[in-house]
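# Inside the fold
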Amino acid sequence: MRLTRIVAVGMAVALALSACGGGGGSGGQQGGTASGVGLEKTELLIGVVPVASSASLFIAEKRGFFKEEGLTVKTEIIQAPTAVMPKIINGSMDAFLTSYVSLLTINDSGAAKLKLFQHTMGGLPGFCAVVVAEGSPIRTVADLKGKTIAVNVLKTLGHTVVNAHLRQAGLKPDDVRFVAVPFADQLGALASGKVDAAWLAEPFLSAAKRDGAVEIVDTIGGPTEGVPIDGWGVTEQWLAEHPKTAAALHRALAKGQQIAGADRKAIDEVVPTYTQISADVAAAMRLGEFTMEADRAGVQKLADLMHGFAFIRTRPDVAQIFAPVSG
């Protein structure tokens, strides 16, 4: 089943799985066990990024879906999976929100073998953009030549989509300087002049515009139209060692994902609980598309962009990144 949710106003960042393996998670699977009997592990630590995509997990927690499966879930705020790879590899962190870019980069590096466990969000116009400070003379992508651009993490989603728009404007990636600045610190970096522009995703993009930042390019569209954002990731080893726990976790996350795709208010209710974003900004932010499956053509487009920018060494078969999970 493919559930589509296009939201006109709001926040953001996500991936997929099919019940038959390797596709897009149906969310309609049955067989939860409130007692956790038979599960290899019942207490889980999940890394979450403070963006809209994480809402499906917090909806699942609020609605009691983890408890129904016999799971106790604790969360840890992360900027990207690259920053917590030791925990992911040694199994002390069980699952994590990851952009498709991060997952593909880590797999290509050989640091770990990751699988996309459940899709969260596909990109839509308005979800992420490059902004400049109010009063900046920069007004077009071409004006960025020789300038410094902040992204939350180098060689991940922001770096990739901004490069695609630089190329469309006739610039090369080395015509600008990219620096890593956490989303929460980017407005301060803009205001102080430490950076000339910043790539922001929702809900930070809406907050920046409210404070006077000016958007110069929407980075979901044109050369990046249809690219996926992120999803829940796990390692191949974790899947092999915890098949029953994986199935239970997937059922709970898929239920949360279905609600996120159908009920905007459910997202607005949970976002302020794990971000520094106020309820009014959360309600006004733009969202990407919450679906049960990732668009495979969009995933391949993203992988091709990464390969073209030498962020990954080999062009991957994107079908191999999706995790098979039995219900």
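Data block above holds the structure.
Attention here is on the structure that accompanies the text. None of the values given here were measured: they were computed from a predicted structure.

### Topic: the pairing of strand β4 (residues 114-122)
Of all 9 residues making up β4, 9 are buried, and the element is well covered by its neighbours. Note: β4 against strand β10 (residues 228-235), 7 bridges, orientation antiparallel. Looking at β10, one finds that H119 is bridged to G231. Where β4 and strand β11 (residues 289-290) come together, 2 bridges link them in antiparallel fashion. When the bridges of β11 are listed, M121 appears paired with F290.

### Considering unusual backbone geometry
In this structure, P203 follows E202 across a cis peptide bond, with omega equal to 10°. Mapped onto the fold, P203 is located in the loop between β8 (197-201) and α7 (204-210). Within the chain, K155 stands out as a residue other than glycine whose phi angle is a positive 60°. With respect to the helices and strands, the residue K155 is situated in the loop between β6 (148-151) and α5 (157-168).

### Thoughts on the side chain of T156
Looking at the secondary structure, you find T156 in the loop between β6 and α5. Within the structure, T156 has its side chain in polar contact with the backbone oxygen of V153 (distance 2.8 Å). The contact partners of T156, leaving out residues within four places of it in the chain, are V101 and S102.

### Focus: the environment of A201
Summarising the element assignment, A201 is placed in strand β8. Along the sequence, A201 and G158 sit 43 residues apart, while their C-alpha atoms lie 8.5 Å from each other.

### A look at the pattern of salt bridges
One side chain can pair with another of opposite charge once the charged atoms of both are near each other. Counting across every chain of the model gives 13 salt bridges. Between D94 and K41 there is a salt bridge, with the nearest N and O atoms lying 2.6 Å from each other. Of the two residues, D94 sits in the loop between α3 (85-90) and β3 (95-99) while K41 sits in the segment before β1 (43-48), which places them 53 residues apart along the sequence. D94 sits in the buried class, given a relative accessible area of 2%. Among the residues examined, K41 registers a relative accessible area of 23% and is labelled partly exposed. The closest approach of N and O atoms between D108 and R313, which form a salt bridge, is 3.4 Å. With D108 in helix α4 (residues 100-109) and R313 in the segment after α12 (296-308), the pair connects residues that are 205 residues apart, well separated along the chain.

So, how was this worked out
- Residues numbered from 1 in each chain as written.
- Predicted model: local features only at pLDDT ≥ 70, side-chain atom pairs only at ≥ 80, totals over all residues.
- Heavy atoms only, no water.
- Buried < 20%, exposed > 50% of the residue type's maximum accessible area, 1.4 Å probe, protein only.
- Helix = DSSP H or I, 4+ residues; strand = E, 2+ residues; numbered from the N terminus.
- Pairing = 2+ DSSP bridges.
- Polar contact = N/O pair within 3.5 Å; in protein donor to acceptor, adjacent residues only side chain to side chain.
- Contact = heavy atoms within 4.5 Å.
- Salt bridge = Lys/Arg side-chain N within 4 Å of Asp/Glu carboxyl O.

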